[in-house]
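Spelled out from the first residue to the last, the chains are:
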Amino acid sequence: MSWGTELWDQFDNLEKHTQWGIDVLEKYIKFVKERTEIELSYAKQLRNLSKKYQPKKNSKEEEEYRYTSTRAFLATLNEMNDYAGQHEVISENMTSLITGELTRYVQELKQERKSHFHDGRKAQQHIETCWKQLEASKRRFERDCKEADRAQQYFEKMDADINVTKADVEKARQQAQLRHQMAEDSKAEYSSTLQKFNSEQHDHYYTHVPNIFQKIQEMEERRIVRIGESMKTFAEVDRQVIPIIGKCLDEITKAAESIDHKNDSQLVIEAFKSGFEPPGDIDFEDYTQPMKRTVSESSLSNSRGDGKSEPKFGGKSKGKLWPFIKKNKGAGPEDFSNLPPEQRRKKLQQKVDELNKDIQKEMDQRDALTKMKDVYIKNPQMGDAASVDHRLAELAQNIEKLRLEVQKFEGWLAEVEGRLPMRTEQARRQSGLYEAQNTSAVNSCAQDRESPDGSYTEEQSQETEMKVPATDFDDEFDDEEPLPTIGTCKALYTFEGQNEGTISVAEGEMLYVIEEDKGDGWTRIRRNEDEEGYVPTSYVEVYLDKNAKDVYKSLQKIS
């Protein structure tokens, strides 16, 4: 099967076919190029997606990643980043192994094709020239033969005419002989030209054209093989990254399997546990007996239900805040006494750990300077040993100060840990307010009578019936301007606000939100201009809205 023998007369069609083959190759190159652009775009979008959901440094989101579920999500984001990298590898390999190589090959192919068809046209032109020479020789031979016949006929006519002179007859005879000679010469030339043409034509159709067409056939077959190899490479480039992509997916699966719901539940306990005991039973109060309750409005209620704030029957009285929930205008107290016991313990422990790290850092600097001083003592030419004494003294002072700070915070930590219930108990936040410990005058008196589990003794319960004068703490809050509303909320359950700073709500009631949950599990709400307080966050459904009042009115109409 050879194009030279089978397609000897299809020069033009072969030229069109080979051009079509190059067009197909260029189309495939364009296809691969667009595929690489898609891979790059996909990789970029995956990276941006992963970056978008990465936790921001030094933000609240970063704290959330202590849970196993969020850590698994973070691992998924990291693996997606690696997954995107493999698509970039696909794009790079396809560009270098297919697009780049085929582009160079197409240029070479075009040059080779041009050369072969140039040779073909040259051979075609040569055979056409030979054909023209043959035709010219043939026409000349034909013309000379006709001229010779006419000259012969003229001589015979002259020779037969008796009136013609002998000289004219001789002249006609010579002319006839000359024409015959010219015809013979033309015949010989035509014969020679014909033999030459036949030889050239044989070489053209059986040697030159087959050779040229064979080269064109080989060129076309190489193109076909090359595009097939490129298609294999196209698949192989994808196949090479499949194991790595599989590892990424395996890591995502592994991260998902590492999620521990029990551990996350325990972390929630550690994050929000207050350390208080649930409230005890509430005593029956018989209003049929005339009683004068002299409980001060500013006194603290007993966590066991031994005392109760004076009920409100109206009037303009602001609900007082707990000491540990009060939003300080400045920085909080150094001993974190404004926090519930469990949260306070965690903050103190964190502070102790930070101070110990600072001490270790200072000690490392001191050890390094001590070694430097020893080197200076042994090799005075390297430096003055006395030059580091001042810095060593500063470090020693810093270490001593930090150790005193550690002792102070450890003392507070020991005090808190001595008052908390056993760590193994599943203590819950009391439904009322936290116990009012670690605050100003009233609280400092009560702390001496506090039992280890955080409750007050009967002795303290009796003393709360004495009226306590209003403290600066109360005055400070009385002078504060009312906070603006930031939304509304709907009570999911009925809550009896028995303790100071709380407010009672009925199920389904709509109220204003004036302060969000700060992480302690309580939300500050307002019923009207003068009645506000805290309720457990889990008891209400909060709707934050810029136009909170309008929303509130519309919800009131619906209810």
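Predicted, not measured: the structure shown is a model, and the values here were computed from it.

A closer look at the overall build of the protein
For the protein, the count of helices and strands is 12 helices and five strands. Sequence separation of 24 or more characterises 74% of the internal contacts of the protein that already satisfy a separation of 6 or more. Of the roughly 35000 Å² that the protein leaves accessible, carbon and sulfur atoms contribute 52%.

Quick word on a nonpolar patch on the surface
Taken together, the side chains of Leu49, Tyr53 and Phe73 present a nonpolar region at the surface, about 290 Å² in accessible area. Secondary-structure assignment places leucine 49 in helix H2 (residues 11-52).

Side note on the pattern of salt bridges
On inspection of all chains with the given rule, the structure shows 24 salt bridges. Lysine 110 is paired through a salt bridge with glutamate 26; the nearest N and O atoms lie 2.8 Å apart. With a gap of 84 residues between them, lysine 110 in helix H4 (residues 68-160) and glutamate 26 in helix H2 connect regions that are remote in the sequence. Here glutamate 26 falls in the partly exposed class, since its relative accessible area comes to 30%. Taking the shortest distance from any N to any O, the salt bridge between glutamate 147 and arginine 150 comes out at 2.1 Å. Of this pair, glutamate 147 and arginine 150 are both found in helix H4, three residues apart, which corresponds to roughly one turn of the helix. The partly exposed category is assigned to arginine 150, whose relative accessible area is 45%. Here the residues in one salt-bridge network are Glu515, Arg524, Arg526 and Glu532, joined through shared partners.

Focus: H4
The end-to-end C-alpha distance of H4, which contains 93 residues, comes to 135 Å, matching closely the 138 Å that a straight helix rising 1.5 Å per residue would cover. In H4, a bend of some 35° at threonine 95 exceeds every other bend along the element.

Here we look at the environment of threonine 68
With respect to the helices and strands, threonine 68 occurs in helix H4. Linking threonine 68 and asparagine 263, residues 195 residues apart in sequence, is a C-alpha distance of 7.5 Å. In contact with threonine 68, other than residues within four places in its own chain, are Ser258, Ile259, Asp260, Asn263 and Asp264.

Structural notes on helix H6 (residues 261-272)
Counted at 1.5 Å a residue, the expected span for H6 with its 12 residues is 16 Å, and the 17 Å between its end C-alpha atoms agrees. Inspection of H6 places Asp264, Leu267 and Ala271 among the buried residues, and these make up the whole buried set. Buried positions in H6, seen along its axis, are confined to an arc of 55° and lie on one side of it. Check the buried side of H6 and you find it contacts H4 and helix H7 (341-378).

Basis of the calculations
- Residues numbered from 1 in each chain as written.
- Predicted model: local features only at pLDDT ≥ 70, side-chain atom pairs only at ≥ 80, totals over all residues.
- Heavy atoms only, no water.
- Helix = DSSP H or I, 4+ residues; strand = E, 2+ residues; numbered from the N terminus.
- Contact = heavy atoms within 4.5 Å.
- Areas by Shrake-Rupley, 256 points an atom, 1.4 Å probe, with all protein chains shown as cover.
- Patch = residues over 30% accessible without salt bridge, like charges linked within 9 Å, V, L, I, M, F, W, Y side chains within 5 Å.
- Salt bridge = Lys/Arg side-chain N within 4 Å of Asp/Glu carboxyl O.
- Buried < 20%, exposed > 50% of the residue type's maximum accessible area, 1.4 Å probe, protein only.
- Expected span 1.5 Å × (residues − 1).
- Bend = angle between axes of the 7 residues up to and from the residue.
- Arc of directions from axis to C-beta.

By themselves these figures say nothing about function.
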